[in-house]
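Chain residues, written in single-letter form:
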Amino acid sequence: MILFKNCRLIPELTEGYEGTIADVLVSDDHLIAEIGAPGKIQAPEVVIDVEGNTLLPGFFDLHAHLCLADLDFKELRNRSCVDSCFEMYDYAREYLKQGYTTVRDAGGPFNVTVGLKKAARNGVINIPDIISSGQIITPTEIGNETFESLYYPADSPYEVRKACRRQFELGNDVIKYMVTGAYLNEAGNPGDSIATEDELKEAVEIAAMKNSYVMGHAHGAEGIKLAIRCGIRTIEHGSFIDAEAVEMLKNTDKTYLVPTAAIGLACLDDDGSALSDDAVEKSKKYEMAEKQAINNAYQAGLKMGFGSDIDRKNFCAHPGMEFYARTDWFDFDYTDILLQATKYSAEIAGMADRKGTIKVGKNAELVVIKGKPDEDIYVMKEMPLYVYYKGELIENK
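Because the structure is a prediction, the values reported are computed rather than measured. Residue numbering note: each chain is counted from 1, following its sequence as written. With pLDDT at 70 or above as the cut-off, local features in this predicted model cover only qualifying residues; side-chain atom pairs require 80 or more to be listed or tallied, and sums for whole chains, interfaces and linings still use all residues. As a rule here, side-chain values cover all heavy atoms of the structure and leave hydrogens and water aside.

**What to know about the pattern of salt bridges**
For clarity, the cut-off: The salt bridge criterion pairs a side-chain nitrogen of Lys or Arg with a carboxyl oxygen of Asp or Glu, the two atoms within 4 Å. Counting from the N terminus, the helices are the DSSP runs of H or I reaching at least four residues and the strands are the DSSP runs of E reaching at least two. Partly exposed residues are those whose accessible area sits between 20% and 50% of the maximum for their type, while under 20% is buried and over 50% is exposed, using a 1.4 Å probe and protein chains only.
Enumeration over the complete set of coordinates arrives at 23 salt bridges. In this structure, Glu 15 and Lys 362 form a salt bridge, with 3.3 Å as the shortest nitrogen-oxygen distance. Here Glu 15, found in the loop between β1 (2-8) and β2 (21-26), pairs with Lys 362, found in the loop between α11 (334-348) and β15 (366-369); they are 347 residues apart in sequence, far enough to count as distant. On the basis of relative accessibility, which here comes to 5%, the residue Lys 362 falls in the buried class. Among the ionic pairs, Arg 93 bridges to Glu 392, the shortest N-O distance being 2.8 Å. Placement of Arg 93 in helix α1 (residues 81-97) and of Glu 392 in strand β17 (residues 392-395) is noted, with a sequence separation of 299 residues between them. Judged by its relative accessible area of 24%, Glu 392 falls in the partly exposed class. Because the salt bridges share partners, they merge into one network encompassing Asp 129, Lys 355, Glu 365 and Lys 390.

Set out below in structure tokens:
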């Protein structure tokens, strides 16, 4: 057992305890066993004095790409399966060091994420829980060659059915589908709808048969509304969401928005050596429209998930990037950002019974942050002091 003592708790992220300072006891099976006033819990052999810093539940990234080493996407075409495996493992470990205990991979090559999950189950490696989508189902579309190794082309409901079944056959957990064009696909228009209603419905039906769901890449408003009508679980990016689509989301508990802020910052901050001129041009062209649309959706009170879409180079160079991007790129409240990264994402991913808040009986996936992130989100730029996950204590001091 291990005791984290003198922890500062955030009420919105804590269940079953009324105070803001507590000791938190972790059981040998890595569950939260007890939350009590300081000094009231009998100390086990291992005690970590948090010294009044903030204890948070483990973070989610609902839109990760473990295969993206940097923003030079041309390299993806030449990377071998072995190279991808080691690089993706390294990225997963970096996620864990930064406090992420659940990562939903939004598309990758060679089915590496399924292999990583198997190795983790067998105790060979310790990495965040991965929700794997395998290859991304996409209609034939301009720019698809940019991410050729990540894509599984499918046109017509029949081909979509076969493609989705193939991803599940390979051991993946969910389906990722390209509903609209993309910023980073060469010459693609992010606002264009590229999927038909019967194709999307087929994907949703096949996923439902596996007690799963579809995550839909969608920038344009019409594509977003089509995805909502078809029952897609999450709208990824949602860059040009309009008032009608926001109202549709407010009136359903089946579909949620997962904006991605860090990739927006990274694309405009890039020195030009990695991104194509086409990608930079689109990022600049649509910057203000995206910010306004997502801020309107946020101000309407939507429950949002936490996704970054960021590459490993930027993730390592800028710890906490998605946290502060949501107030730099968008205009989100600090506490809401923390809720999106934990409680809300756990609910959206269907894991709220065991993740997302600090509560007796839930998984002891714990992150100690120096300072008060609910009052100053920029403290997230520093690596966590401690991360505890499945018996491993990572100390970043």
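From this point on, the discussion continues.
**A word on unusual backbone geometry**
Although it is not a glycine, His 30 sits at a positive phi angle of roughly 65 degrees. Here His 30 shows up in the loop between β2 and β3 (32-36).

**Re empty space enclosed by the protein**
We apply this condition: Whether a set of points on the 1 Å grid over the protein atoms alone is a cavity depends on a 1.4 Å probe fitting there but being unable to get out, while an open set qualifies as a pocket with protein on both sides within 12 Å along at least five of seven lines; lining residues are those with an atom within 4 Å of a point. Grid points are joined across faces, edges and corners, and a volume is the space filled by probe spheres set on the points.
Under the defined criterion, the tally for this structure stands at 5 cavities of 30 Å³ or more. Volume-wise, the largest cavity comes out at about 370 Å³. Tyr 183, Leu 184, His 237, Ile 263 and Asp 309 are the residues nearest the centre of the largest cavity, which is lined by 26 residues in total. Elements with a minimum of two residues in the lining of the largest cavity: β11 (175-178), α7 (262-269) and α8 (277-299). By residue number, the principal contributor to the lining of the largest cavity is α7, which donates 4 residues.

**A closer look at the packing of aromatic side chains**
Keep this limit in mind: Any pair of Phe, Tyr and Trp rings, taking the six-membered ring for Trp, is counted once the centres come within 6.5 Å. Such a pair is stacked with planes under 30 degrees apart, edge-to-face with planes over 60 apart, and tilted for the rest. Geometrically, a charge over a ring is one whose NZ (Lys) or CZ (Arg) sits within 6 Å of the ring centre while staying within 35 degrees of the ring normal.
Counted by the stated rule, this structure contains 16 aromatic pairs. Each ring, one from Tyr 95 and one from Tyr 100, has its centre 5.1 Å from the other, and the planes form 85 degrees; the classification is edge-to-face. Judged by its relative accessible area of 3%, Tyr 100 is buried. Among the aromatic residues, ring-to-ring pairing joins Phe 59, Tyr 91, Tyr 95, Tyr 100, Phe 306, Phe 315 and Phe 323 into one connected group. Looking at Lys 291, its charged tip hangs above the ring of Trp 329, at a distance of 4.4 Å from the centre.

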